[in-house]
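Each chain, letter by letter, is given below.
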Amino acid sequence: MGIRITRITPGDHDSTPPPPPGVAVETGEVDLARRERSDLRRPSIYSTVDTAPQLGYYANDTMTGRMQHRGAYFMISRTLGPEMGGPIGVVFSFANALACALNTVGFAETVRDLLLEYNAQMVDPTNDVRIIGVLTVTALLLISLAGMEWESKAQLLFFAVLLVSFANYFVGTVIPASEDKQATGFFSYRKEIFVSNLLPDWRGSDAGFFQMFAIFFPAATGILSGVNICGDLKDPESAIPKGTLLAIFWTTVSYLGVAIVAGACVVRDASGNLNDTVPVNHTGVCEGLGCGFGWDFDACEQNHTCLYGLANDFQVIRKASGFGHLITAGIFAASLSSALGFLVSAPKVFQCLCNDNIYPYIGFFGKGYGKNNEPLRAYLLTFVISIAFILIADLNVIAPLISNFFLCSYALINFSCFHASITNSPGWRPSYKYYSPWASLFGAVVSVILMFLFTWWAALFTFGIILFLLGYVIYKKPQVNWGSSVQASTYNMALSYSVSLSGVEDHVKNYRPQCLVLTGPPHLRPALVDFVGSFTKNISLMICGDILMEGESSDAPQRNTDALIKWLNQRKVRSFYTRFSGNSLREGACNLLQSTGLGKMKPNILVMGFKANWRESAPTSLEDYISTINDTFDSNYGVCILRMMDGLDISEELETEDPEQEQHSSVNPSFDASEGGQTWPSHDMDRESDVPPTAQTRTVFQNKQGKKTVDIYWISDDGGLTLLIPYLITRRRRWHHSKVRVFIVGDQQTMDEERTEMMSLLKKFRLDVADVIVVTDSKKAPLPKNWKRFGESLAPFRLKEEEHRDVPVQDLRRENPWKVSDKDLEALRPKSERKVRLNEIIRRNSKHAALVIVSLPVPQSDCPSSLYMAWLDSLTCGLHCPALLIRGNQQNVLTFYCQ
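Every value quoted in this text rests on a predicted model; they were computed, and no experiment measured them. (Residues numbered from 1 in each chain as written. Predicted model: local features only at pLDDT ≥ 70, side-chain atom pairs only at ≥ 80, totals over all residues. Heavy atoms only, no water.)

**Student:** Describe helix α16 (residues 437-454), naming the residues involved and giving the relevant values.
**Tutor:** Structural remark: α-helix, 3.6 residues per turn; residues separated by three or four positions point the same way. Helix length check: α16, at 18 residues, gives a terminal C-alpha distance of 26 Å against a target of 26 Å (1.5 Å per residue), a fit within 8%. Those residues of α16 that sit buried are S440, G443, A444, S447, L450, M451 and F454. Looking straight down α16, one finds that the buried residues subtend no more than 130° of arc, so they occupy a single side. Residues W438 and F442 are exposed on α16 and point more than 90 degrees away from its buried face. Those residues of α16 hidden inside the fold are in contact with α8 (209-216), α15 (395-422) and α17 (456-476). (Helix = DSSP H or I, 4+ residues; strand = E, 2+ residues; numbered from the N terminus. Expected span 1.5 Å × (residues − 1). Buried < 20%, exposed > 50% of the residue type's maximum accessible area, 1.4 Å probe, protein only. Arc of directions from axis to C-beta. Contact = heavy atoms within 4.5 Å.)

**Student:** Outline the side chain of D313, supporting the account with residue identities and numerical values.
**Tutor:** With respect to the element layout, D313 can be found in the loop between α11 (298-303) and α12 (316-320). A polar atom in the side chain of D313 sits 2.9 Å from the backbone nitrogen of Q315. Non-local contacts of D313, meaning those with residues more than four positions away in its chain, are made with L307, Y308 and K319. (Polar contact = N/O pair within 3.5 Å; in protein donor to acceptor, adjacent residues only side chain to side chain.)

**Student:** With reference to specific residues and values, describe the packing of helix α19 (residues 526-536) against helix α24 (residues 721-730).
**Tutor:** Contact pair α19 / α24: the axes reach a minimum separation of 7 Å and the direction vectors enclose 85°. In terms of orientation, α19 lies roughly perpendicular with respect to α24. Touching F531, S534 and F535 of α19 are I725, L728 and I729, all from α24. (Axes fitted to C-alpha atoms, helices over the stretch in contact; angles between N-to-C directions. Parallel < 35°, antiparallel > 145°, perpendicular 65-115°, else oblique.)

**Student:** Quick one: what's the story with the pattern of salt bridges, residue by residue and with numbers?
**Tutor:** Tallied over the entire structure, the rule returns 17 salt bridges. The salt bridge partner of D530 is R571, with a shortest N-O separation of 2.7 Å. Of this pair, D530 sits in helix α19 while R571 sits in the loop between α20 (561-570) and β3 (576-581), and the two are 41 residues apart along the sequence. Neither residue differs from the other here; D530 and R571 are each classed as buried. (Salt bridge = Lys/Arg side-chain N within 4 Å of Asp/Glu carboxyl O.)

**Student:** I'd like to hear about the state of the cysteines, residue by residue, with values.
**Tutor:** Two cysteines joined by a covalent bond between their sulfur atoms form a disulfide. Counted under the stated rule, the structure contains 1 disulfide. Note that C300 is cross-linked by a disulfide to C306, the S-S spacing being 2.0 Å. On the S-S bond that ties C300 to C306, the torsion sits near 80°, and the link is right-handed. The residues C300 and C306 share a single accessibility class, namely buried. With no disulfide of its own, C354 lies 9.2 Å from the sulfur of C352, the closest cysteine sulfur. The thiol sulfur of C640 is not disulfide-bonded, and the nearest other cysteine sulfur, from C515, lies at 6.3 Å. (Disulfide = S-S within 2.5 Å.)

**Student:** Kindly report on the environment of T110, identifying the contributing residues and their values.
**Tutor:** Residue placement: T110 occurs in helix α3 (residues 82-117). Accessibility expressed as a relative area gives 6% for T110, which makes it buried. Considering only alpha carbons, one finds T110 and S335, 225 residues apart in sequence, at a separation of 9.9 Å. Ignoring sequence-local partners within four residues, the contact set of T110 consists of Q315, T328, I331 and F332.

**Student:** Give a description of the confidence of the model for the protein chain that names residues and reports values.
**Tutor:** When pLDDT is averaged across the protein chain, the result is 79; 82% of the residues are at 70 or more. The low-confidence segment residues 659-691, where pLDDT is below 50, has 98 contacts with residues more than four positions distant or belonging to other chains. (pLDDT = per-residue confidence, 0-100.)

**Student:** Could you give an account of the nonpolar core, with specific residues and numbers?
**Tutor:** Within the largest apolar cluster, 73 residues are counted, with the highest numbers of intra-cluster contacts made by Y73, I88, L353, I358, Y359, I402 and F406. Per-element tally for this core: the top contributor is α3, with 15 residues. The contacts of Y359, once residues within four sequence positions are left out, are G86, P87, V90, L353, L469, Y472 and V473. I543, I547, V852 and C881 belong to the second largest nonpolar core, which has 53 residues in total. (Core = buried A, V, L, I, M, F, W, Y, C linked by side-chain atoms within 4.5 Å.)

**Student:** A description of a nonpolar patch on the surface should follow, citing residues and the corresponding values.
**Tutor:** A cluster of nonpolar side chains, F194, V195, L198, L199, L256 and I260, forms an exposed patch at the surface whose accessible area comes to about 590 Å². For the nonpolar patch, the elements supplying multiple residues, two or more each, are α7 (191-196) and α10 (236-265). Here I260 lies in helix α10. (Patch = residues over 30% accessible without salt bridge, like charges linked within 9 Å, V, L, I, M, F, W, Y side chains within 5 Å. Areas by Shrake-Rupley, 256 points an atom, 1.4 Å probe, with all protein chains shown as cover.)

**Student:** Outline the packing of α15 against α17, listing residues and values.
**Tutor:** Two elements in contact, α15 and α17, have axes separated by 9 Å at closest approach and are oriented at 45°. Relative to α17, the element α15 is oriented oblique. The crossing of α15 and α17 is right-handed. Between α15 and α17, the contacting residues are L401, N404, F405 and C408 on the first element and W457, A458, A459, F461, T462 and I466 on the second. For the contact of α15 with α17, a count of residues per class yields 8 nonpolar, 2 polar and no charged. (Left-handed = near helix turned anticlockwise from the far one by under 90°. Nonpolar A, V, L, I, M, F, W, Y, C, P; charged D, E, K, R; others polar.)

See the structure below:
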C-alpha cells in the first residue's frame, strides 16, 4: 500500500481528497476546523514513533509518541520495554510516595519548631513530628480524594504564597539588622561574612558534600512535574522542553540566590544571647568573625553549644527575612504543595503500572472510580506508605532513599533516550533540535555515580530491587508490544551479525543442524514440532514450513500466523513459521528450500513426516513425496523423516474434541490425513475465536525418557549427521539419562576389531556412547512371513505385464512410473531383503528403546517410488517407539581434529 504525504493548508483542504480510513496523514499546516473534527493527536517532544500505516499524528498511545498522564514511567516503559519499564514503575511510584512523606516531615518539623517557640509541645519533639505528619498527610489525602479541581486550586494558592515568601526574604536581607537578629548571626550584607562562608566547614563524623547533596537533592525532583502532566498540555511538543528548561533555570537561580544571600548575611555560629555584645572598652581576647561586628560568640563556638547561625539553625532564612511568619507560610506552601503533588502522582503512576499487567496481584490497586478514573485504592496504598516513613520522623534518613530512587529514574530516562537514538530506528525522530544522545548518556552515567556517592548501601538496595523485578519480568515474558528501543536494538544486532556472518566461510566445528520442518499448521503436528525443537532449541535454526496447496486459503483460521506463532511460544519452541504456495508438495518444498533463510542463517536439513497412508494415497501424491526427497538431496540438504507409530497429524482428534472446528480443520494433503496421534489432547480449547486452539497437546517427546536407550543403526556414513542428532537430543533434560547405543554392520570374523575401531572413533568425536554393537547377521534371508508381508504391501503397485501382453513394457512403465515390474523387483531383491532383515534386527534389539534412528536409503533413479516407500515402511514397521530415518548430504559435521 502506498502512502502519500500531503501538505494541507487552509486554502486547499477542500480540494484534497481525505486519507483512507485508518491511515493518518503527516501534515504541515492543518486546517483548524478540520483538526478539531478529527481525533488525531499531536506527538510529543520526546519522539514520534509510528508503525505503518500510521504516520506523523497518532491515535496509538502505546508507542513513545504522545504520552498521557503517566509521566516518566510511561516514557521509560514504552522506550525500553516492559523489562525495564516494570521495575522502574515500581521504584518511581515508591519514590513519589517517599517524597510525599519527606515533604510532610519537613512541614511537621516547622510546625513543631513553632510550637516549641510558644512552649506548646504535645509529647516530645520526635513524636510531635509524627503526630503532625500523620494529621497533615490525612488532610492532603482528603483534598486529593475530593477531586483534581480542589488539588489545582490548592496548588495555585501555594504558589502565590511562595512568591510572596521569596520576595519577603530578599527584601528582609537589605533591611538593617536589629539587635535580636544580630544575636542570631544575621548582619545583613557583609563582605567578610561572604568570604568566610565560601569554603565548607563540615560538622559531624560522616558529614560531607555528597551527604548534603543527597539531603538537598529531593528539592529538585519536582522538575519532572511537566512530564507527569504532559497529557493535559495544549502543546506538549514545545511546552515540555521549554517548561523543563525554564524549571531547571529558575530552580537553579532561586536556590543559588537563597544560598548566596544567606552566605553573605549570616555567620556560621551565633549564640542568640543579647548579652554577648562586645563592650566599647573591651580589652579581652575576641577571635571570632562576630567580633568585628560587635558580638563575641567565641564561648559557644569553642564549646559547640551555639544554637544559631548557618551551621546550627534550620530556621535561619526566617531570621533573615523581613517578616518571619511569611517565611513560615512559604515553607508550609512549598512542603504542602510538593507533598500534595507527590500524593497525587504516585497513585497515577502506579495505576498505569497495574493496568499494564506486568506484575501479578497488584491489579487490585489499579481500579479507577468516577468519570476521571481516579485510583482510590492506589491513593490509600500511597497514604499507608507515606505514614510508614513519616513515623521515622527524621528528614535526613528519608532524603537519601528518595535521592537514590529518583536518581535511578533519571538514569533510566536518560538511558532510554540514548538507547532509542543508537538503535537508529526510523520511528525515533526527536523534534527538539538541541537534543544529543551523548548528553543523555552523560546524564545516565552521572546519575548512577551519584547514587553510590550519596549512599552506597541505598544504591545497592535500589539496584537489588531493580534486578529482582527485572528478573521476574524476563522470566514471565509479558505479552505486550510497545515498540520499544530494545526491539529496535535486537533488530540492529540481528542484522549486523547476519551480515557479518555471511562473510565467514563454513567450518565443521561450527556446524549446526538448521531445520526446515514441513509441519503444515504446526499445531496439527505437535510431535514433529517437539522432536525438532528438542535438538534445535538454543542451538540452531528451526523453521516450520506450511505449503498452501491449490484451493487452500491463507486466510483459513487454522493458518492464522499470529495465533500459530503464539502457539509455538506457549509451547516454548523457538521456531519461525513461514508458508508458501505450491501446486504440489514438491513445488512448495522447492520454493521453501530456495527462499527460506537469510545468509548463513539458512536451513540445511529438511524434516518431514512419514507418509503412513502411502498405500491408499493417489499415485501422483506418492510420486510427489519421493520426488521431494530426491530434490532435497539434489539441493545438497540432509533429510530426516520421522515416523510415529500412531501417526503425526492430530487434526481428526481436534475435530473430535471440538466439532465446531470441523468446518475449518482442513488438512494439508501433502501429509497423512488419516493419521491419529500419539498424543493426549487438552480440553481447554479456545472456543471464543476462530483461530487454532492455543491449548497445548502433550506428545511423547515432552515426557521424561528415563533410562531407555536411543538406538542408532548406522548403516552408511553420511558425514556424521546420524550421530550428531542423537547427541544433541540427549543433552536435553528429558533425555539426559537415556543411553546411546550404536549398531553397525560387520562380519563375525572381524567383529571385535570393528567394534574397537568404532569405539575409538566415537571417543575421538567426544560422543558419549554407552555401547557399540556389531550386527553380523544382516545378510541372512528375512523370515518368510516378513518377506510375504513385504510382497503383500507391494501387490497393489505391481505392474502386471501378463495382463497387458499387447502393450510394450516401456509404455506401461512410462504411463505408470510408480509401479514395480517383475524385472525391477528381481533386480532390487537383495536390497529389499536387507531392508526387511534389518527391520527384524531392529525389532529384536530395540524393544524398549525411546527412539530408533536408522540411516535413510537414498532414492535411486531405477527404483519406482512405490518400492522405495515399501523400503521405508519395512525398515520402521512394528516399532513401539518413534523412528527417525536420517541421511546427511555427505558434508562432514563432526571432526576430531583441531583445524
